[in-house]
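Residues per chain, in single letters:
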Amino acid sequence: MRLPENDVDSALSVSLADGIEADHPSTSNNLSNGHNGLVKGNGFSSFTNGNGKLGAADGVKAEKQKMSVSRVSLPGTTLYEDSYVDREEFVRLVIQSLRDVGYIESAATLEAESGYTMETSDVSSFRECILSGDWATAEAVLLRLGLSGEDGLWDAKFLISQQKYLEMLEAGRTTSALHILRQELAPLSTDSDVLHSLSSLLMCQDSDDLCQASVWDGARGTSRRKLLVNLQRYIPSSVMIPQRRFATLLDQARDHQRARCLYHNSSMDTRSFTLYADHACDKEAFPRITTAILEVHTDEVWNLQWSHSGTYLATASKDKSAVIWRIDSDTNPQTRDYSAVHIFRDHPYPVGCVAWSLDDSVLLTASENFIKMWNTRTGSCIRTLESHHDVVSALVWLPDGSGFISGGLDRKIILWDADGKQRDSWGRTPIRVTDLAITPDFTKLVAVGMYDVPTPPPPAPSAASEGTNTAAAAAAAAANQPKEFRLVVWDLSTKQLESFVRLEGELTSVKITEDSRYALINRAPELMAGEIHLWEISTGQTVRKYTGHNHHRHVLRSCFGGVDENFIASGSEDGNVYIWHRDTATLLETLEGHGVGSVNSVVWNPRNERMFASCSDDHTVRIWEAPIGLSIPTADVGEFAHDYDGTGNAKGKGRETWSVDGLTGGSSYSGLGGTSRSL
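Residues numbered from 1 in each chain as written. Predicted model: local features only at pLDDT ≥ 70, side-chain atom pairs only at ≥ 80, totals over all residues. Heavy atoms only, no water.

Peer 1: Looking at this model, I keep getting lost on the overall build of the chain. Mind explaining?
Peer 2: On a plain count of helices and strands, the chain comes out with eleven helices and 30 strands. In the chain, which comprises 679 residues, the proportion classed as buried is 48%. Considering only residue pairs separated by 6 or more positions, the chain has 56% of its internal contacts joining residues 24 or more positions apart. If you sum the accessible surface of the chain, you get close to 32,700 Å²; carbon and sulfur atoms cover 49% of it. (Helix = DSSP H or I, 4+ residues; strand = E, 2+ residues; numbered from the N terminus. Buried < 20%, exposed > 50% of the residue type's maximum accessible area, 1.4 Å probe, protein only. Contact = heavy atoms within 4.5 Å. Areas by Shrake-Rupley, 256 points an atom, 1.4 Å probe, with all protein chains shown as cover.)

Peer 1: Explanation requested: the environment of Val101 in the structure shown.
Peer 2: Within the fold, Val101 resides in helix H1 (residues 87-101). When the C-alpha positions of Val101 and Arg244 are compared, they lie 9.9 Å apart, and in sequence the two are 143 residues distant.

Peer 1: Explain the packing of aromatic side chains to me, please; I cannot follow it from the model alone.
Peer 2: Within the structure shown, the criterion is met by 15 aromatic pairs. Taking the centre distance of 5.9 Å and the plane angle of 80° together, the rings of Phe90 and Phe246 count as edge-to-face. Taken as a pair, Phe90 in helix H1 and Phe246 in helix H10 (residues 245-260) lie far apart in primary sequence, 156 residues in all. Overall, the relative accessible area of 30% leaves Phe90 in the partly exposed class. Ring geometry for Trp397 and Phe404: centres 5.1 Å apart, planes at 55°, overall tilted. Looking at Trp397, the relative accessible area reads 10%, which means it is buried. Three or more aromatic residues link up through ring pairs in this structure, and these residues are Tyr263, Phe286, Phe567, Trp604, Phe612 and Trp624. Stacked on the ring of Trp426, the Lys or Arg Lys495 has its end atom at 5.7 Å from the ring centre. (Phe/Tyr/Trp six-rings, centres within 6.5 Å; stacked < 30°, edge-to-face > 60°. Lys NZ or Arg CZ within 6 Å of the ring centre and 35° of its normal.)

Peer 1: Please clarify how the pattern of salt bridges should be interpreted in this entry.
Peer 2: Side chains carrying opposite charge are able to pair once their charged atoms draw close together. According to the stated counting rule, one finds 22 salt bridges in the structure shown. When the shortest N-O distance is used, the salt bridge between Asp346 and Lys372 registers 4.0 Å. With Asp346 in the loop between strand S7 (338-344) and strand S8 (351-356) and Lys372 in strand S10 (residues 370-375), the pair connects residues that are 26 residues apart, well separated along the chain. Given the relative accessible area of 51%, Asp346 is considered exposed. Lys372 sits in the buried class, given a relative accessible area of 8%. Residues Arg582 and Glu565 are paired through a salt bridge, measuring 3.8 Å at the closest nitrogen-oxygen approach. Taken as a pair, Arg582 in the loop between strand S26 (577-581) and strand S27 (587-591) and Glu565 in the loop between strand S24 (559-561) and strand S25 (567-570) lie far apart in primary sequence, 17 residues in all. (Salt bridge = Lys/Arg side-chain N within 4 Å of Asp/Glu carboxyl O.)

Peer 1: Explain the packing of helix H5 (residues 150-170) against helix H8 (residues 207-214) here, please?
Peer 2: One can describe the packing of H5 onto H8 by two numbers: an axis separation of 9 Å at closest approach and a directional angle of 150°. Regarding the angle of H5 to H8, the classification is roughly antiparallel. In this structure, H5 contributes Leu166, Leu169 and Glu170 to the contact, and H8 contributes Ser207, Leu210 and Ser214. For the contact of H5 with H8, the residue count by class is three nonpolar, two polar and one charged. (Axes fitted to C-alpha atoms, helices over the stretch in contact; angles between N-to-C directions. Parallel < 35°, antiparallel > 145°, perpendicular 65-115°, else oblique. Nonpolar A, V, L, I, M, F, W, Y, C, P; charged D, E, K, R; others polar.)

Peer 1: When you look at the sheet that holds S26 in this model, what are you seeing that I'm missing?
Peer 2: The strands that make up a sheet pair up through hydrogen bonds in the backbone, lying either parallel or antiparallel. What the four strands build is an open sheet, ordered S24-S25-S26-S27; its pairing is antiparallel. Looking at which strands have only one partner, the edges of the open sheet turn out to be S24 and S27. Geometrically, the sheet is characterised by an average inter-axis angle of 25° between neighbouring strands, direction not taken into account. Note that S24 and S25 share three bridges and pair antiparallel. Looking across to S25, one finds that Phe560 is bridged to Ile568. (Pairing = 2+ DSSP bridges.)

Peer 1: Looking at this structure, I do not really get the state of the cysteines. What am I missing?
Peer 2: A disulfide bridge is the covalent bond that connects two cysteines by way of their sulfur atoms. As enumerated under the stated definition, the model contains zero disulfides in all. Cysteine Cys261 is unpaired, with the sulfur of Cys281 as its nearest cysteine sulfur at 3.9 Å. (Disulfide = S-S within 2.5 Å.)

Peer 1: For this particular structure, what's the right way to read the packing of H1 against H10?
Peer 2: The contact between H1 and H10 brings their axes to 8 Å, and the two run at 105°. Judged on the interaxial angle alone, H10 and H1 are roughly perpendicular. Of the residues in H10, those in contact with Phe90, Leu93, Val94, Gln96 and Ser97 of H1 are Arg245, Phe246 and Leu249. Counted by class, the contact of H1 with H10 contains five nonpolar, two polar and one charged residues.

Peer 1: Whenever I open this one, the sheet that holds strand S3 (residues 289-294) confuses me. Can you help?
Peer 2: Taken together, the four strands give an open sheet; going across it, the order is S3-S30-S29-S28, and neighbouring strands pair in antiparallel fashion. Two strands bound the open sheet, and with one partner strand each, they are S3 and strand S28 (599-604). Across the sheet, the mean angle from the axis of one strand to that of its neighbour is 25°, orientation sign disregarded.

Peer 1: Help me understand the nonpolar core in this model?
Peer 2: It is characteristic of soluble globular proteins that their nonpolar side chains tend to be buried jointly. With 20 residues, the main nonpolar core has Phe126, Ile130, Leu142, Leu145, Leu147, Leu231 and Ile235 as its most contacted residues. The next biggest cluster of nonpolar side chains, apart from the first, holds 19 residues, and it includes Val323, Ala340, Cys615 and Val621. (Core = buried A, V, L, I, M, F, W, Y, C linked by side-chain atoms within 4.5 Å.)

Peer 1: Can you walk me through unusual backbone geometry in this structure?
Peer 2: Peptide bonds are trans in most cases, and residues, glycine excluded, mostly fall at negative phi. We note that Phe442 has phi near 70°; this positive angle belongs to a residue other than glycine. Given a relative accessible area of 34%, Phe442 falls into the partly exposed group. Phi at Asp564 is positive, roughly 60°, even though this residue is not glycine. The residue Asp564 is located in the loop between S24 and S25 in this model.

Peer 1: Sorry if this is basic, but what is going on with the pairing of S25 here?
Peer 2: Where a strand is regular, its side chains alternate between the two sheet faces. Side chains Phe567 and Ala569 of S25 all project onto a buried face; the interleaved residues Ile568 and Ser570 project onto the opposite face, where all are buried too. Where S24 folds back on S25, the antiparallel hairpin that results is connected by five residues, among which Gly562 adopts a positive phi of roughly 80°. Here S25 pairs with S26 via four bridges, running antiparallel. Paired with Ala569 across the two strands is Ile579, which belongs to S26. With antiparallel pairing between neighbouring strands as the criterion, S25 and S26 make up a hairpin whose turn holds six residues, including Gly575 at a positive phi of roughly 85°.

Peer 1: Please clarify how the pairing of strand S12 (residues 392-397) should be interpreted in this entry.
Peer 2: Counting buried positions along S12 gives six out of six residues, so the element sits mostly inside the fold. Looking at chain direction, S12 and strand S13 (residues 403-408) are connected through five bridges and run antiparallel. Within S13, the residue paired with Trp397 across the bridge is Phe404. Linking S12 to S13, which pair antiparallel, is a turn of five residues; within it Gly401 sits at a positive phi near 75°.

Below you can see the structure in the form of structure tokens.
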């Protein structure tokens, strides 16, 4: 957008204060980082879309200074000869950005030198009218802004009238508000539900009630600025540049660089992101070496979970025990203390699940059909719950900490209070639950498990089959009964079934992203290598598949990890830990170290994006961090040393792979009353 022809000369005499209030301070002899002596943080002020106003420092008005700025004429229309960027668009965005951060005089100089203006007087007038509440003038100017199509004009007018209506109600002018509703809003809208919702606001008792009912923060809040942003959708961007457009483009560039950085595992703040160079995280800073081996369990370790504080780690084992480990906060693994602060041996069967309460004061453990609640401070058992009749395969606390949910192979899903009293039940579910999770937004329950396909009744026995063993035939039929594996989604508040999806292969675990959009599902197909699926809950579609690990027979549990949950980590039946980039499904790391057997579960530390833990059939738990070139410390069993049998398994073994005589080499979980973990 160029300056008018009569304003363009070979040498222009430009007032740098044009368009600025008369009390704007001029450039002084003692400029402070280009801020005209005004104290500002990092050059940022409260300007919006280059239309803020500056007041005089200490109330002193300075004279406007004038200087001659020569107009620069450049060949072509692009920024560079080999560039596709339009020069006018670029310059106008620079002018907007300069105004946004407070460099008003610099913006005016650039306008004069380039011959481009950021926007026309109509756009400036329209913005000022919206922000000041001059609705009649705003509607008149709106007609001159080149809105595309009659529908767009009607929609824009409706938004303005809606703001007027709400402000009249806020001011207590009910009659005027009713007039706007009938004479302006009703003719502009064809959605009766919207009009009904707006009319119901007439019943609000006061302005606070109005703001709460309409989710609106009032005329003195941000509502007018939000209205301006919404109106921007109907005005051509070449006429009215979207607010902070340059900053938006920079954010997009940052997000693009982050997406291309496969090992991205740091926050994109001003300390780690610069405009001077492309972003790339150092692969060497990725957690991929073992910094500690925790060796207390005397049999396969099946499950583990970090406390919410990231300081404690709970592990569950086939040896009928659960252990709470304390991981010291020392950043140096060589001097960090690792100790078993509680060992819970009072389980009649192997322990398959552990779950921390929201405040980390209670730990749940599951042993066959028993659930135990432990006080994590004293180590005492609070209560034993026995409502399940088969293996409890999943334990998860509600997002608000008010209770927890258990699921089992007995087809039961039970909701418990935080003190262990049964609050509700899903009754008999269509699947034998192998794992479940609750979305962090507290809206859905997602479960996976085995579904027994109904079979038709056997035909009546013929004369030729008389005397055969009917019991054996029935047993054979039951063994050959087809099995399917399903993912089930319920509405958490109503318990209504929302999705019932068949997936190929046995489903062993499910995790939910922090934004409640995706579920991570471990699959163990019979005839192919294992797969982990990223499943979009709202659409019921698989959006990513992660492959390369071995998963056929055992229960493996994967997890999200790293900054913004950028990574997928899983164990494998080959004894390795596998890590993928979440968005591209690229296999980043195959980490060796565990001994013979499966790596059953991997969990990322919720407070330290550079640390995760894994557990294995080799009886050990490993802590993984970034390479540091230091030797690996051993785990200290502390005050519980007398609990061990003197075999040496309580001491660290170093990083080398090791094995124990008699190790089964396989994990199992099955449970029709058994203690193995085989599917």
